[in-house]
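Chain by chain, the residues run as shown.
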Amino acid sequence: MAALLGACGMESAAEEAPPPAPPPLVGIATIQPEAVTITETFPGRVAALRVAEIRPQVAGIVQRRLFQEGAEVRAGQPLFAINAAPFKAEAAVAAAALKRAEASLARSQQQVDRLAPLAKAEAVSRQAYDDALTERDLAAADVAQARATHERRKLDVAFSTVDAPIAGRIDQALQTEGALVSAGDATPLARIVQIDQVYVDVRQPASALDGIRRQLDAARRGSGSIPAVVMRSSGEAYDLKARVLFSGMSVDAGTGDVLLRVLVENPRRDLLPGMFVRARIPMASYDGALRVPQQAVVRTGDATKVWVLSRNGHAHLADVSLGELSDRQYRVVQGVRAGDRVVVSGMDRLAEGVRVQLAPVTAGASAATATTSAGPAAGPAGVVSTSASTGASTGAQ
């Protein structure tokens, strides 16, 4: 009777024992090398390619303004007309003085021509012939001086029309008709800015200088330019070609920041001087980078680790050294190899050496975290050892 009761008690205990816990479900990403370009976005300010202040080269009264304010002007286009009557009169006086000097030179030359055969025959003194030669040379010098004065007076007549030194967009006139202007005035007549191309000046931390230099060196060996993207404050990119200039990079002595200049094609005049924009600049590029999703990184104090699955489906913590973060993925400098399977979800249920079960793919799952089973592994039902994982997105822009 006692044996029968003992047997019944053992059966009851066996029925009440809980079933073993299933392996934890995790999502993984298979690490594959990929070409990655690391970019950073910085605020910048637009500056005109060239700025020219229109100033007169002669003093006089402004008679006419020959342009429409805010219009596009071409190089050499007349902009202002200064009263040219005084300059024309001075040019006429200079022309008359030139004719007088030329007549004096002709007379001196005739005197030399008459005395030359007489001096050869010793019919006149050598002194008289030398004096005639000196008078001719002095007359020739007077002609040269008078010609130079005449040319200068003609320049004054030409300068009475003020032309555009460069092509670009002209601002409002700063002097009106009737104003007395001169070359030494503090206020120019107008300003022209060339904005078919513009600069975007950005500031970066001095720590980024090494990366920029590596990019510049690579560009010199390759295409010769580093492309950049200029964006509005909202983050929308302008449809404009931009490149980082090799020159124009310097360190601000006051702040220690790196000042970098980007040249932007601006045919539609979308960018105007003084505007604040954002510039996306490539800082580094890697041909075979290994990256892990940001959520896969486990931080314990100063150490960074990731959960890696072994071939038989066991989870192990691996120490990693991380590089740049882009597109929510860290570049791994050291700690993982191509083909490693890294756990990206379900880490809170893991322990060192535990066997895991891969979560099935669900509709709308992230490509970086969702995985599917490629076949069952030897072991308990539902535990797999191989999987087909989608690749992580690149950071190339």
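Residues numbered from 1 in each chain as written. Predicted model: local features only at pLDDT ≥ 70, side-chain atom pairs only at ≥ 80, totals over all residues. Heavy atoms only, no water.

(A) Region of interest: the nonpolar core. With 27 residues, the main nonpolar core has V200, V230, V244, V262, V264, L271 and I281 as its most contacted residues. Ranked by residues supplied to this core, first place goes to strand β9 (residues 190–204) with 5 residues. V230 has contacts with V200, A237, Y238, A242, V264, L271, V277 and R278, leaving out every residue within four places of it along the chain. With 20 residues, the next largest nonpolar core counts V58, F80, V162 and I170 among its residues. (Core = buried A, V, L, I, M, F, W, Y, C linked by side-chain atoms within 4.5 Å. Buried < 20%, exposed > 50% of the residue type's maximum accessible area, 1.4 Å probe, protein only. Helix = DSSP H or I, 4+ residues; strand = E, 2+ residues; numbered from the N terminus. Contact = heavy atoms within 4.5 Å.)

(B) View of the side chain of S160. Its place among the elements puts S160 in the loop between α3 (126–159) and β6 (161–163). Owing to a relative accessible area of 4%, S160 belongs among the buried residues under this scheme.

(C) Just the pattern of salt bridges, in detail. Applying the stated criterion to the full structure yields 18 salt bridges. Between E324 and R331 there is a salt bridge whose closest N-O contact spans 2.7 Å. Relative accessible area serves as the criterion here: at 15%, R331 is assigned to the buried category. (Salt bridge = Lys/Arg side-chain N within 4 Å of Asp/Glu carboxyl O.)

(D) Seen up close, the side chain of R331. As for its position among the elements, R331 is in strand β20 (residues 329–334). Within the structure, the side chain of R331 is placed 3.2 Å from the side chain of Y286, a separation counted as a polar contact. A polar side-chain atom of R331 sits 2.7 Å from a polar atom in the side chain of E324. If we skip the residues at most four places from it in the chain, R331 touches Y286, A289, L290, R291, S321, L322, G323 and E324. (Polar contact = N/O pair within 3.5 Å; in protein donor to acceptor, adjacent residues only side chain to side chain.)

(E) Fine view of the environment of V306. Checked against the element boundaries, V306 lands in strand β17 (residues 303–309). What makes V306 buried here is its relative accessible area of 0%. On a C-alpha basis, the gap between V306 and D319 in space is 6.7 Å, while along the polypeptide they are 13 residues apart. Ignoring sequence-local partners within four residues, the contact set of V306 consists of A296, V297, H316, L317, A318, V320, V336 and V342.

(F) Representation of helix α2 (residues 85–120). Here α2 is 36 residues long and its end C-alpha atoms lie 53 Å apart, about the 52 Å a rise of 1.5 Å per residue gives. Residues of α2 that are buried include every one of F87, A91, A94, L98, A101, S108, V112, L115 and A119, and no others. Residue E122 follows α2 closely and has a positive phi angle near 60°. (Expected span 1.5 Å × (residues − 1).)

(G) A look at α3. Over its 34 residues, α3 runs 50 Å from end to end, which matches the ideal 50 Å to within 8%, given 1.5 Å per residue. All buried positions along α3 are accounted for by Y129, A132, A139, V143, A146, H150 and D156. Elements that come into contact with the buried residues of α3 comprise α2.

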